Amino acid sequence: MDCISRKAYAKINLGLDVLRRRPDGYHEVKMVMQTVNIWDLLTFKKTEEPGIFLKTDKEELPVGKDNLIYKAAAAIFEEYGLEAQASGAQASGRQAAEAKSPGCHKPGVEIALKKQIPIAAGMAGGSTDAAAVFHGLNELFGLGMSLQDMQRIGVRLGADIPYCLMGGTALAEGIGERLTALPPPPDCHLVIAKPDIDVSTKFVYENLHADTLKEHPDIDGMTQAIRGGSLAGITGRMGNVLETVTVRAYPVIDQIKKKMLERGAENALMSGSGPTVFGLFADKERAAGAAKEIEGAGLAGQVFVTGFYNPEKAAGA
Ligand code: ATP
């Protein structure tokens, strides 16, 4: 097989708590992660020329070493002795990489990205693409990596990557890499709205005062509600401490939340470091109505009506 495709699913956080800032600067978190049915498509093709060649349909994304896709592929090449070295970014959207030992034949790969997941949105777009590279190259080159192997290498590139490698519903602790799989929550309808602003995750964490937070979401209660299959138990406990920073900087987030609640959402919350807002709806018509109104009012440029995505459920469907 010389060419394969793989979907990379976006995530939302049903709950996000920050427990403390560690002396090394990382934050200790406790989050409920959930993949949703919005995805990027990555296509992997073996090439005669050795190296990593990345192209994308989004001009604003880097195609060289700064792209997490490139970083993931380079980490795998290095780990499996397929070493490739970047030869400098090219404006054409094709990043060439040359093998360190040009004499012997090294495999190469072309990766094409079709991007649908909003960028810099709090939906782990880059991390999930990187996770898809692990799965994709594992299959394409028959590397025989286990999920644990991929997570061990992936965490060096980003704390969300180990979760993105497994997908579905999970409790994430530590810096996000300590994972406990949870059963899929009850089905519901999701409205996901990304206002036209880009939020830097670094800015949000730098401005968070974890030690002085007055309220913390009940993450343990939420995991119990998920295990018990209670949608009301989940929606009643949705909370994200990063809203204290991002909503203050960007009031449009609150306006979108309010609009979703007015239009019948069971609850609404910012995802990750934002600015994307999601609302959970029991009723499909109401979800569609809310999405239309948010888009019509110009509150968000990217609006989706979708649902949760759980790989085990999709496989059984
Ligand atoms: P998270 O939820 O993990 O904080 P995010 O959704 O906020 O992630 P991303 O979409 O991953 O943010 O993008 C953050 C930055 O990373 C962007 O500004 C972009 O330039 C860069 N980036 C690198 N590789 C990618 C990629 N494959 N897809 C999207 N962004 C990427």
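It should be emphasised that the depicted structure is a prediction, and the values quoted were computed from it without experimental measurement.

**Describing the site of the ligand**
Here comes step 1: Taken together, 20 residues surround the ligand, and among them Ala120, Gly122, Ala124, Gly126 and Thr201 come closest.
Here comes step 2: A distance of 2.9 Å separates an oxygen atom of the ligand from a polar atom in the backbone of Ala120.
Here comes step 3: A distance of 3.3 Å is found between an oxygen atom of the ligand and a backbone nitrogen or oxygen belonging to Ala121.
Here comes step 4: Burial of the ligand by the surrounding chains reaches 78%, relative to a free accessible area of 610 Å².
Here comes step 5: Here the shell around the ligand takes four residues from helix α2 (residues 125–140), the largest share from any one element.
Here comes step 6: Classifying every residue of the shell around the ligand gives nine nonpolar, six polar and five charged.

**A word on the pattern of salt bridges**
Here comes step 1: Within the structure shown, the criterion is met by 20 salt bridges.
Here comes step 2: Note that Asp198 and Lys194 form a salt bridge whose closest N and O atoms lie 3.4 Å from each other.
Here comes step 3: On the basis of relative accessible area, Asp198 is assigned to the exposed category, the value being 56%.
Here comes step 4: Between Lys259 and Glu262 there is a salt bridge, with its nearest N and O atoms 3.9 Å apart. Residue Lys259 and its partner Glu262 are both found in helix α9 (residues 252–262); the two are separated by three residues, about one turn of the helix.
Here comes step 5: Ionic contacts of the salt-bridge type, sharing partners, join the residues Glu79, Asp149, Arg152 and Arg156 into one network.

**Brief notes about the domain arrangement of the protein**
Here comes step 1: Splitting the protein by domain gives domain 1 (3–179) and domain 2 (184–316).
Here comes step 2: Domain 1 and domain 2 are separated by 24 Å when their C-alpha centres are compared.
Here comes step 3: Each partner contributes residues to the interface: domain 1 has 32 residues there, and domain 2 has 41 residues.
Here comes step 4: Taken together, both faces of the contact between domain 1 and domain 2 bury some 2,800 Å²; the carbon and sulfur share is 65%.
Here comes step 5: By the criterion of area lost to domain 2, the three top residues of domain 1 are Leu14, Leu16 and Val18, representing 21% of everything that side buries.
Here comes step 6: Lys30 is the partner of Asp220 in a salt bridge, and the nearest nitrogen-oxygen pair spans 2.9 Å.

**Some thoughts on the packing of aromatic side chains**
Here comes step 1: Going through the model one piece at a time under the given rule, you end up with two aromatic pairs.
Here comes step 2: Residues Tyr9 and Tyr309 carry aromatic rings whose centres are separated by 3.7 Å and whose planes lie at 5 degrees to one another, so their mutual orientation is stacked. Of this pair, Tyr9 sits in strand β1 (residues 3–21) while Tyr309 sits in the loop between β13 (302–306) and α11 (311–316); the two residues are 300 residues apart in sequence, bridging distant segments of the chain.
Here comes step 3: Given a relative accessible area of 14%, Tyr9 falls into the buried group.
Here comes step 4: Seen from their ring centres, Phe77 and Phe141 are 6.2 Å apart, and the 80 degrees between their planes marks the pair as edge-to-face. Pair noted here: Phe77 is in helix α1 (residues 68–79) and Phe141 is in the loop between α2 and α3 (147–154), with a separation of 64 residues, a long-range link. The pair formed by Phe77 and Phe141 is uniform in burial state, with each residue classed as buried.

**Regarding the pairing of strand β12 (residues 277–281)**
Here comes step 1: β12 sits mainly inside the fold: five of its five residues count as buried.
Here comes step 2: A two-sided burial pattern is seen for β12, the buried positions comprising Val277, Gly279 and Phe281 on one face and Phe278 and Leu280 on the other.
Here comes step 3: When strand β9 (residues 189–194) meets β12, the two strands line up antiparallel, connected through five bridges. Along β12, the bridge assignment pairs Ala193 with Val277.
Here comes step 4: In this sheet, β12 lies alongside strand β11 (residues 267–270) in antiparallel orientation, the contact comprising four bridges. Following the sheet pairing, Ala268 is matched in β12 by Gly279.

**A short note on the sheet that holds β11**
Here comes step 1: Spatial strand order, β11-β12-β9-β13: four strands in an open sheet with antiparallel pairing. Both edges of this open sheet fall to β11 and β13, since each of them pairs with a single strand only. The mean inter-strand angle of the sheet, taken between neighbouring strand axes irrespective of direction, is 15 degrees.
Here comes step 2: Along the sheet face, α9 touches β9, β11 and β12 and points at about 10 degrees away from the line of β12.
Here comes step 3: On top of the sheet, helix α10 (residues 284–296) reaches β9, β12 and β13; it is set at about 175 degrees to β13, its chief contact.

The rules behind the values
Residues numbered from 1 in each chain as written. Predicted model: local features only at pLDDT ≥ 70, side-chain atom pairs only at ≥ 80, totals over all residues. Heavy atoms only, no water. Near = heavy atom within 4 Å. Polar contact = N/O pair within 3.5 Å; in protein donor to acceptor, adjacent residues only side chain to side chain. Areas by Shrake-Rupley, 256 points an atom, 1.4 Å probe, with all protein chains shown as cover. Helix = DSSP H or I, 4+ residues; strand = E, 2+ residues; numbered from the N terminus. Nonpolar A, V, L, I, M, F, W, Y, C, P; charged D, E, K, R; others polar. Salt bridge = Lys/Arg side-chain N within 4 Å of Asp/Glu carboxyl O. Buried < 20%, exposed > 50% of the residue type's maximum accessible area, 1.4 Å probe, protein only. Domains from an automatic or database assignment. Contact = heavy atoms within 4.5 Å. Buried area = accessible area lost by both parts, 1.4 Å probe. Phe/Tyr/Trp six-rings, centres within 6.5 Å; stacked < 30°, edge-to-face > 60°. Pairing = 2+ DSSP bridges. Axes fitted to C-alpha atoms, helices over the stretch in contact; angles between N-to-C directions.

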